[in-house]
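Fold and contact review
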Amino acid sequence: MSAKPPAATATTSATSATAAKDVGAQPVPRARWLRVLPAVVLIYVVASLDKSNISYAVAGGMSKTLALSTTFSGLVAGIFFIGYLFLQVPGAMIAERRSAKAYVAWTVAAFGVVSILSGLVQSGWQMVLVRFLLGVTEGGLFPAILIIITRWFPNQERGRANGFFLMNGAIAGVVGGPFAGWLITLGSWRTLFIAEGLLSFALLAACLPLISNRPEESTSLSRREKDYLAAKFAEEHAQETAPVDRKVLIEVLKQPTTWKLVLVYFCMSVGIYGFSLWLPTTIKNLTHTGIGMAALLSALPNLVSMAGCFFLAAWSDRRGNRRFWTAFGLLGFAVSLVLSNLFEGQVWLSFAFILACGFFLHAPSGVFWTMPPLLSGPGKAAPQRGLINALGNVGGFVGPLFVGWLTDAFNSVTSFYSLTVFTLIGVAITLTLPALTRGTRRTADGHVEGHA
């Protein structure tokens, strides 16, 4: 895709400036918040269900049926993230250069099939293979959806848009916990995998028609909203459509900031997935209840997590300091996790701090993903996001496996303290990111200005 000649660019800028004046005098159109965002959230909720249902399967008898140790159960859960590596960058590049919408459709269909296969395995190593394949199929979905969000939401809205999108993990936990407990009680852990695989196809058919690759391709969006978005993207000189090739990828690899972002996301993933995988089992042991009640109680931290995603994203959009609010969320999770362990002997006080962990669990992620477009440079955001998500999500392998191993070798308290250490390392690295991540902030009258 070639760049526009200078004359065309000047004409486009003038048109966008005129559109900005016209739109500025009227309320900002918001149809994209009611159509595109809910659709991508629901699609990724299904992906999150297929990814996280292993935690309920472990607590619901899978480890016993397949004769798995705690360490091996951690391997089964974590191997997903090794498979997840393979299509991160290629998937981002395909979605960027061709059709993000089509990529999402094929991905959801593929992981729906693999999820159904998960309910048919007969041994631990078969489950390792199937979970690895599930990771491969889901690999490019996350960066593809981030590309769609970047094309639909200007920078001053992107923190909130990412925050709402990243509520998918919390929504999956709120809905998935009781749903998983009910399915396991009704049938078995095998019923859980098969039913959620079938659900993938149902929601794909319902949500995909609401999404377009770009605002200008939408047939349901008003002209005024299209003009508004065109003006905003022109103002911030968005160049996400620049061609992505090997040279660009090499330039991304050479940027020190890329590796800082990878390390932050790695530490974040260790905490998120190390905590999430063992949450139903932890609550089951803490409260001495069965899988049905433990799954129901597991929904509460995820419900609180939705509030965390909303408030941290809103605070970040208003203040504009992306690195501060990312670090703040990570620190909040670390402190809450320590307190939940310190008060383990007092069941409901410990559970209250588990709820606090839930508030901070996914909240930093929405703010974090506003930083790569600010730091990468023109045309580099897509491969950088793919690289960060690919390598950073190795933390999703390390977290569950590390917790399982430390639980077998020592105890669960030691294993959760290890998650705190990783999270604090993430805080320290976040605070070294360039000052540019302080970005912009919205004033009381809705205008955007640079953050001092």
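Below you will find a few notes about this structure. (Residues numbered from 1 in each chain as written. Predicted model: local features only at pLDDT ≥ 70, side-chain atom pairs only at ≥ 80, totals over all residues. Heavy atoms only, no water.)

Regarding its fold elements, the chain presents 24 helices and two strands. Evaluated residue by residue, the chain yields a buried proportion of 56% over its 452 residues. Sequence separation of at least 24 residues holds for 84% of the intrachain contacts in the chain that already meet a minimum separation of 6. (Helix = DSSP H or I, 4+ residues; strand = E, 2+ residues; numbered from the N terminus. Buried < 20%, exposed > 50% of the residue type's maximum accessible area, 1.4 Å probe, protein only. Contact = heavy atoms within 4.5 Å.)

All right, on to the packing of aromatic side chains then. A complete count under the given rule lists 30 aromatic pairs for this structure. Each ring, one from Trp-189 and one from Phe-193, has its centre 6.0 Å from the other, and the planes form 85°; the classification is edge-to-face. Pair noted here: Trp-189 and Phe-193 are both in helix 13 (residues 189-207), with a separation of four residues, about one helical turn. These aromatic residues form a ring-pair network of at least three members: Trp-33, Phe-153, Phe-164, Phe-310, Phe-311, Trp-315, Phe-324, Trp-325, Phe-328, Phe-359 and Phe-360. (Phe/Tyr/Trp six-rings, centres within 6.5 Å; stacked < 30°, edge-to-face > 60°.)

Summed over the entire model, instances satisfying the criterion amount to two cavities of 30 Å³ or more. Of the pockets and cavities examined, the largest cavity occupies roughly 480 Å³. In terms of lining, the largest cavity is formed by 31 residues, of which the most central are Lys-51, Ile-272, Tyr-273, Ser-276 and His-362. Within the residue set of the lining of the largest cavity, elements represented by two or more residues are helix 3 (36-59), helix 12 (168-186) and helix 16 (256-287). In terms of residue count, helix 16 provides more of the lining of the largest cavity than any other element does, eight residues in total. (1 Å grid on protein atoms, 1.4 Å probe; cavity = no way out; pocket = protein on both sides within 12 Å on 5 of 7 lines; lining within 4 Å. Points joined across faces, edges and corners; volume = space filled by probe spheres on them.)

Counting 106 residues, the largest nonpolar core has Met-62, Val-104, Phe-142, Phe-165, Phe-275 and Phe-368 as its most contacted members. The residues contacting Val-104, other than those within four sequence positions of it, are Ile-43, Leu-141, Ala-144, Ile-145, Ile-148 and Leu-208. By size, the runner-up hydrophobic cluster in this structure holds six residues, among which are Ala-180, Leu-183, Leu-192 and Ala-295. (Core = buried A, V, L, I, M, F, W, Y, C linked by side-chain atoms within 4.5 Å.)

Closest axis-to-axis distance for the helix 16/helix 23 (residues 395-409) pair is 7 Å, and the angle between their directions is 50°. Relative to helix 23, helix 16 is oriented oblique. Like other packed secondary-structure pairs, helix 16 and helix 23 cross with a definite hand, here right-handed. Within the contact between the two elements, helix 16 uses Phe-266, Ser-269, Val-270, Tyr-273, Gly-274, Leu-277 and Trp-278 and helix 23 uses Gly-395, Gly-396, Val-398, Gly-399, Pro-400, Val-403 and Gly-404. The residue inventory of the contact of helix 16 with helix 23, partitioned by class, reads eight nonpolar, six polar and no charged. (Axes fitted to C-alpha atoms, helices over the stretch in contact; angles between N-to-C directions. Parallel < 35°, antiparallel > 145°, perpendicular 65-115°, else oblique. Left-handed = near helix turned anticlockwise from the far one by under 90°. Nonpolar A, V, L, I, M, F, W, Y, C, P; charged D, E, K, R; others polar.)

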